[in-house]
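Read off the chains here:
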Amino acid sequence: MKQTFAIGIGGAAGQGVATPGDIFAKIFSRRGLHLNAYNAYQSIIRGGHTFLTIRTGPERVTNMGDRLDLLIPLNQDAMDRHLRLLASGAACIYNSETIKPGAAAEGAELCALPVSKLADITRNKVAQNTLAVGAGLSMMGIGFQALEEVLTEQFKKKGDTVVSENIGIARAGYDYATANFRPFHWPLPMTGNRYAVLSGNIAMAMGGAAAGVKFYCAYPMSPSTGVLHWMAAHARKAGIMVRQVEDEIGVVNMAIGAAHAGVRSMCATSGGGFALMSEGLGLSAMMETPIVVIDCQRAGPSTGVPTKTEQGDLWQMLGAAFGDYPRAIAAPLDIGDCFKIIPEIFNIADRFQCPGIVLCDLLLSEGRLSVDPKDLDFAPVVDRGELITTAYSGPNGDGVYKRYKITESGISPRAIPGVAGYTHTAASDEHDEDGVLISDEFTNPTKRRAMMEKRMRKVAGITAAVPPPVLWGPRDADVTLIGWGSTKGVIEEACEILSEQGISANQLQIRWLVPLHGDAILDILKDARHTTIVENNYSGQFARYLRSETSFVPDGYIRKYDGEPFMPHHIVEAVKEQLSGKSTLSVPAHEILV
Amino acid sequence: MALAATNQVATADLKGKVDPDWCPGCGDFGVLAAVQKALVELQIPNHNVVTISGIGCSSNFPGFINTYGMHTLHGRALAVATGVKLANHDLTVLVTGGDGDGFGIGGNHFVHSMRRNVDLLYIVMDNQIYGLTTGQTSPTSRLGMKTKSMPFGNIEAPVNPISLALAAGATFVARGFSAEQKHLTELIKQGIRHQGFSFLDVFSPCVTYNHDNTYQWFRPRVKKLEDDPGHDPADWMAAMGKSLLWDDEIPIGKFFERTDVPTLHGAEPVLNAGPLAHADTRIPVDVTRAFVEELM
């Protein structure tokens with residue numbers, strides 16, 4: 001089993017859970033350690049309960065894991081909720097003046113900090129947090145220098161006095177722990193690597209910048225708003241026009257307008273906002289104007305649970321907007337992939353002049369991961385497709401150009417406004433090759449059929465342009481776990497744990513949902529001994545989709561729809577239960593009360 | 001062809017691929033003719049003009065004029081037009097549509113486009129009825145008007161587009177009458193030249209479904225603001241007062257104009273280097289390196 005170390009920090013919103021989390025994350029990544037962070041929170045600005053998990057280690061860390069090594073409760077509620085999660089070898093650092101410890105498991109250490117004796121709490125309201133960070137790092141065997149550097153950066157805007165005060169408090173916590181608490185038996189190592197730590201939302205925004213997006217607009221909606229925030233903050237340096245719009249209907253139509261005028265145009269939302277965009281998606285398809293829409297899924301339906309994760313929007317994406325039209329839908333597999341997938345789907349959207357949908361979720365959008373900076377490639381392949389941007393110089397002139405020319409590929413060269421010699425009207429009504437409406441007095445079933453077939457021929461091209469999925473792990477495994485999008489990391493770790501326990505497992509993770517490559521999937525699965533589909537929703541949306549496309553029915557299902565992501569042991573235990581024949585549908589219970 | 005040979009914009013260059021399919025006598029013919037005349041008089045090459053509409057009888061407009069055109073979704077023309085203008089602010093953007101499209105289903109975009117001062121001319125062919133759906137009450141139908149959807153008479157007060165535009169911050173607010181060609185052409189020219197959001201509400205009678213607000217009804221009532229020596233288009237309060245006049249005397253002409261408000265594209269420094277449609281897709285390496293460094 002790989003070495004990892006996980007910290008849980010819990011408290012009320014507004015108590016400053018994020019800052020110690022950021023400090024730990026920076027120190028770990030600068031030691032060359034990988035990390036994964038996930039914040040469980042609610043739709044509240046002050047109060048409630050927030051629980052941040054940061055897991056680190058020298059090898060890739062892809063999910064929150066199963067175990068806490070260090071708990072830092074910032075209030076009694078956090079202590080009461082989470083102390084029971086600690087096993088032997090773990091520790092809990094807490095303010096002994098305001099928080100009463102409960103009964104800890106044998107071998108779990110309770111580390112009481114006499115906060116007012118170590119810091120002047122009348123001057124510094126979050127002294128307990130800083131003391132706990134100092135104490136924790138001492139127990140992890142990390143030198144104080146690293147913390148001093150990060151605190152200096154963190155507080156330098158507030159002046160030298162604030163910097164030295166915080167360093168003093170952190171030092172007091174560090175020294176007190178060195179003298180009084182037992183260090184963790186596995187000190188955190190150091191490597192020569194350096195990582196960027198980012199959320200999926202930042203990754204998708206930067207992926208957009210890398211893809212050459214010049215227009216981004218949005219209406220704020222959790223958990224997609226982080227994309228807007230990065231775009232807005234970096235717009236002027238990146239040369240991107242960023243607008244906050246009155247509603248998501250305006251968003252998608254504005255994005256289409258900008259795309260039509262010739263720029264790469266992107267927007268992000270969550271399920272509710274996407275519902276408002278769906279008519280616009282059909283407009284993009286009908287006018288053959290490429291846009292990319294990101295859907296950051298949250299637990300639905302309706303307003304649902306705005307701060308919780310789910311993979312519940314798949315069928316909305318498959319059915320978005322009426323009528324048949326070509327579309328591409330991709331689900332990023334991890335936060336690094338959130339970056340990479342954007343230039344890829346833009347190339348598909350541009351080449352085939354159709355909408356591209358990125359199906360992300362809160363787990364990736366708001367989670368954070370260490371990513372090798374080399375994987376953040378700002379010079380990816382950019383293929384704008386058949387775009388006409390220079391004036392007509394042929395013999396005939398205006399009136400010859402057919403915007404929707406019938407071609408074998410279904411792709412018609414696209415002229416952008418402002419280019420002389422190519423004036424035409426792009427219409428949401430059905431139209432002929434030259435753009436003239438056939439929906440009114442000129443309706444003609446032969447023409448309608450020809451235009452439908454022209455557009456739908458692009459599907460074959462899209463399918464050829466997108467690679468089929470591949471199987472990871474031993475071909476001849478006892479169990480094959482099938483997942484899509486954000487569950488990649490946790491399924492991967494579950495496979496490793498199963499193998500260690502003598503059950504060999506492999507994984508088929510789907511990244512492109514449309515086109516699906518059903519034949520390739522069937523070919524992979526035909527030799528599988530026991531197949532289980534793992535997904536973060538109630539009804540098995542992917543299982544139903546796979547069945548509708550391929551007639552494939554798996555041996556079992558693992559589903560979770562409580563708002564929280566899978567932990568590896570949820571999958572491991574469910575697989576064992578299913579292999580023993582006890583069940584074909586497992587719904588693991590989430591043990592962390594958040 | 002005439003365009004290529006002489007570089008002069010002629011009326012023939014602006015003729016669409018098909019003739020309008022509006023009912024004979026429809027007010028929209030007059031608006032189309034006035035727009036074509038204005039573009040000829042202003043000598044704007046047709047490839048630099050984008051005509052954008054929503055859905056409805058009048059929204060078929062882009063198909064009847066030879067410019068770049070977009071015939072979008074019901075109510076969404078202004079949102080699409082904002083995207084077009086921000087991606088390429090060198091283009092002249094015209095938005096054309098009806099009262100249902102603009103003030104009903106598109107009401108939200110109408111208000112927000114005006115407060116943003118997007119640089120475009122928005123022409124509403126206001127016939128106070130839904131025509132393409134064969135005669136239902138519209139947001140500008142008068143109280144008491146009987147339609148298929150309100151057969152016992154409209155009990156909802158109509159919206160006042162001029163007052164609404166003034167309140168929402170439109171920087172050019174005018175009203176025309178389809179039967180007053182010269183006057184309408186002049187307003188369209190001014191609206192195109194105006195830097196910012198130009199709103200032009202045009203009485204464009206529906207000869208098929210609106211038997212209340214006919215050419216005969218409008219003719220004796222419309223009075224040109226330009227004929228009133230006391231009218232000062234810089235006076236917002238006075239414009240608001242004039243906007244409330246109805247029934248016996250209905251003002252047409254330019255109610256209000258101010259030129260001291262920056263346009264949306266003018267206020268955003270990202271566009272200082274020129275239209276984004278011509279921008280390099282690659283961001284300089286030192287900039288992207290700094291983006292990554294922030295995260296380390």
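(A) Structural context of the overall build of chain A. Counting its secondary structure elements, chain A contains 18 helices and 24 strands. Across its three principal axes, chain A shows a C-alpha extent of roughly 90 × 60 × 40 Å. Within chain A, contacts between residues separated by at least 24 positions form 74% of all contacts whose residues are at least 6 apart in sequence.

(B) View of the overall build of chain B. When its secondary structure is counted, chain B shows eleven helices and eight strands. The C-alpha radius of gyration computed for chain B amounts to 20 Å, which stays within 12% of the reference 19 Å derived for 296 residues, consistent with globular compactness. Taking the principal axes of its C-alpha atoms as reference, chain B extends roughly 70 × 45 × 40 Å. Considering only contacts in chain B between residues 6 or more positions apart, those separated by 24 or more positions represent 69%.

(C) Representation of the sheet that holds strand E24 (residues 585–586) of chain A in the model. All names here are of chain A. Pairing is mixed in the open sheet, where six strands are placed in the order E18-E20-E19-E22-E23-E24. This sheet does not close on itself; its edge strands, each paired only once, are strand E18 (471–472) and E24. By the bridge criterion, three bridges tie strand E19 (residues 479–484) to strand E22 (residues 531–535) in an arrangement that is parallel. Bridging across to E22, Ile-482 finds its partner in Ile-533.

(D) Quick peek at the interface of chain B and chain A. Listed per partner, the contact involves 51 residues of chain B and 59 residues of chain A. Going through the elements one at a time, helix H1 (2–6), strand E2 (68–71), helix H3 (77–87), helix H5 (107–116) and helix H11 (285–293) of chain B are the ones with two or more residues in the side of chain B that touches chain A. With eight residues, the top contributor of residues to the side of chain B that touches chain A is H3(B). The residue inventory of the side of chain B that touches chain A, partitioned by class, reads 28 nonpolar, 17 polar and six charged. Sheet topology places strand E17 (residues 425–427) of chain A next to E2(B); three bridges connect them, and they run parallel.

(E) Highlighting helix H6 (residues 161–168) of chain B. For H6(B), the set of buried residues is Pro161(B), Ile162(B), Leu164(B), Ala165(B) and Leu166(B). At the C-terminal side of H6(B), Gly169(B) shows a positive phi close to 100°.

(F) A look at unusual backbone geometry. Each neighbour pair has its own omega, and for Ser222(A) with Pro223(A) the value is 0°, a cis peptide bond. Inspection of the secondary structure assignment puts Pro223(A) in the loop between strand E8 (213–218) and helix H8 (225–238). The step from Val514(A) to Pro515(A) runs through a cis peptide bond, and the omega angle for that step is 0°. For Pro515(A), the position within the fold is in the loop between strand E21 (512–514) and helix H16 (518–525). The phi dihedral of His517(A) is positive, around 60°, even though this residue is not glycine. Turning to its location among the elements, His517(A) is positioned in the loop between E21 and H16. With a phi close to 55°, Gln43(B) is a non-glycine residue in the positive phi region. By the secondary structure assignment, Gln43(B) is in the loop between helix H2 (28–42) and strand E1 (49–53). For Gln43(B), a count of 10 C-beta atoms within 10 Å translates into the label exposed.

(G) Molecular detail of the nonpolar core. Counting 250 residues, the largest nonpolar core has Phe215(A), Ala255(A), Val358(A), Leu513(A), Ile571(A) and Val173(B) as the members making the most contacts within it. Among the elements that line this core, the one with the most residues is helix H12 (residues 335–352) of chain A, at ten residues. Val358(A) has contacts with Met204(A), Val292(A), Ile294(A), Asp295(A), Ala330(A), Pro332(A), Ile341(A), Ile342(A) and Ile345(A), leaving out every residue within four places of it along the chain. Ranked by size, the runner-up nonpolar core spans seven residues in total, among them Trp22(B), Cys57(B), Ile129(B) and Tyr209(B).

(H) Representation of the packing of helix H7 (residues 200–211) of chain A against H8(A) in the model. All names here are of chain A. Between H7 and H8, the shortest axis-to-axis distance is 8 Å and the interhelical angle comes to 35°. Relative to H8, the crossing made by H7 is right-handed. For the pair H7 and H8, contact is made by Asn-201, Ile-202, Met-204, Ala-205, Met-206 and Ala-209 and by Gly-226, Val-227, Trp-230, Met-231 and Ala-238, respectively.

(I) View of the pairing of strand E3 (residues 47–57) of chain A. Residues and elements named next belong to chain A. Extensive coverage of E3 is indicated by the burial of nine of its eleven residues. Bridging between strand E2 (residues 34–40) and E3 involves seven bridges; their strand directions are antiparallel. Residue pairing for E3: Leu-35 is matched across the bridge by Thr-56. With antiparallel pairing between neighbouring strands as the criterion, E2 and E3 make up a hairpin whose turn holds six residues.

(J) Structural context of the domain arrangement of chain A. Residue and element names in this part refer to chain A. Splitting chain A by domain gives domain 1 (5–180), domain 2 (197–375) and domain 3 (471–586). Taking the mean C-alpha position of each, domain 1 and domain 3 sit 35 Å from one another. Every contact between the two is made by seven residues of domain 1 and, on the other side, nine residues of domain 3. Looking at the side of domain 1 that touches domain 3 residue by residue, the class counts come to three nonpolar, three polar and one charged.

(K) Up close: the environment of Val207(B). Residues and elements named next belong to chain B. Residue placement: Val-207 occurs in the loop between strand E6 (197–203) and helix H8 (215–218). According to the C-beta neighbour criterion, Val-207 is partly exposed, with 16 such atoms within 10 Å. If we ignore the near neighbours within four places in the chain, the residues touching Val-207 are Cys-23, Gly-25 and Cys-26.

(L) Structural view of the sheet that holds strand E5 (residues 172–177) of chain B. Taken in spatial order, the nine strands line up as E17(A)-E2(B)-E1(B)-E3(B)-E4(B)-E6(B)-E5(B)-E8(B)-E7(B) in an open sheet, and their pairing is mixed. Single-partner strands in this sheet number two, and they are E17 of chain A together with strand E7 (222–224) of chain B. Taken over all neighbouring pairs, the strand axes of this sheet differ in orientation by 20° on average, direction set aside. Running over the sheet, helix H7 (residues 181–193) of chain B touches strand E3 (92–98), strand E4 (120–126), E5, E6, E7 and strand E8 (250–257) of chain B and is turned about 160° from E5(B).

(M) Main features of the packing of helix H15 (residues 488–500) of chain A against helix H18 (residues 568–579) of chain A. Residues and elements named next belong to chain A. Here H15 crosses H18 at 55°, and the two axes come no closer than 8 Å. Accordingly, the angle class assigned to the pair H15 and H18 is oblique. Read as a crossing pair, H15 and H18 show a hand that is right-handed. From H15, Val-490, Ile-491, Glu-493, Ala-494, Ile-497 and Leu-498 reach across to H18, where they touch Pro-568, Ile-571, Val-572 and Val-575.

(N) Quick look at the pairing of strand E1 (residues 5–13) of chain A. All names here are of chain A. Of all the nine residues making up E1, seven are buried; the element is thus mostly covered by neighbouring parts of the structure. In this sheet, E3 lies alongside E1 in antiparallel orientation, the contact comprising eight bridges. Pairing of Ala-6 across the sheet is with Arg-55, part of E3. The pairing of E1 with strand E4 (residues 70–73) spans four bridges and is classified as parallel. Looking across to E4, one finds that Ile-9 is bridged to Ile-72.

(O) Seen up close, helix H6 (residues 160–180) of chain A. All names here are of chain A. For H6, spanning 21 residues, the distance from its first C-alpha to its last is 30 Å, which sits close to the expected 30 Å at 1.5 Å a residue. For H6, the set of buried residues is Glu-165, Asn-166, Ile-167, Ile-169, Ala-170, Ala-172, Gly-173, Tyr-174 and Ala-177. Of the surrounding secondary structure, the elements contacted by the buried residues of H6 are strand E6 (109–113), helix H3 (115–118), helix H4 (127–140) and helix H5 (144–155).

(P) The environment of Tyr404(A), seen in detail. Residue and element names in this part refer to chain A. With respect to the helices, strands and loops of the structure, Tyr-404 is situated in the loop between strand E15 (387–388) and strand E16 (414–415). C-alpha of Tyr-404 to C-alpha of Ala-87: the two residues are 317 residues apart in sequence and 66 Å apart in space. If sequence neighbours within four positions are ignored, Tyr-404 has contacts with Ser-412, His-431, Glu-433, Gly-435 and Met-451.

(Q) Region of the structure containing the confidence of the model for chain B. Residue and element names in this part refer to chain B. For chain B, mean pLDDT is 96; residues scoring 70 or higher make up 98% of the total. Segment residues 1–5: pLDDT under 50, and eleven contacts once partners within four positions in sequence are set aside and those in other chains are kept. Interface confidence for the predicted complex, given as ipTM, is 0.97, next to a pTM of 0.97.

(R) Spatial organisation of the environment of Leu295(B). Tracing the backbone shows Leu295(B) in the segment after H11. On a C-alpha basis, the gap between Leu295(B) and Met114(B) in space is 39 Å, while along the polypeptide they are 181 residues apart. Look past the residues within four positions of Leu295(B) in its chain and what remains in contact with it is Ala196(A), Val197(A) and Leu198(A).

Cut-offs applied
Residues numbered from 1 in each chain as written. Chains lettered and ligands numbered in written order. Predicted model: local features only at pLDDT ≥ 70, side-chain atom pairs only at ≥ 80, totals over all residues. Helix = DSSP H or I, 4+ residues; strand = E, 2+ residues; numbered from the N terminus. Contact = placed C-beta atoms within 7 Å. Rg over C-alpha atoms; globule rule 2.2 N^0.38 Å. Pairing = 2+ DSSP bridges. Nonpolar A, V, L, I, M, F, W, Y, C, P; charged D, E, K, R; others polar. Buried ≥ 20, exposed ≤ 12 C-beta atoms within 10 Å, placed from the backbone. Core = buried A, V, L, I, M, F, W, Y, C linked by C-beta atoms within 7 Å. Axes fitted to C-alpha atoms, helices over the stretch in contact; angles between N-to-C directions. Left-handed = near helix turned anticlockwise from the far one by under 90°. Domains from an automatic or database assignment. Parallel < 35°, antiparallel > 145°, perpendicular 65-115°, else oblique. Expected span 1.5 Å × (residues − 1). pLDDT = per-residue confidence, 0-100.

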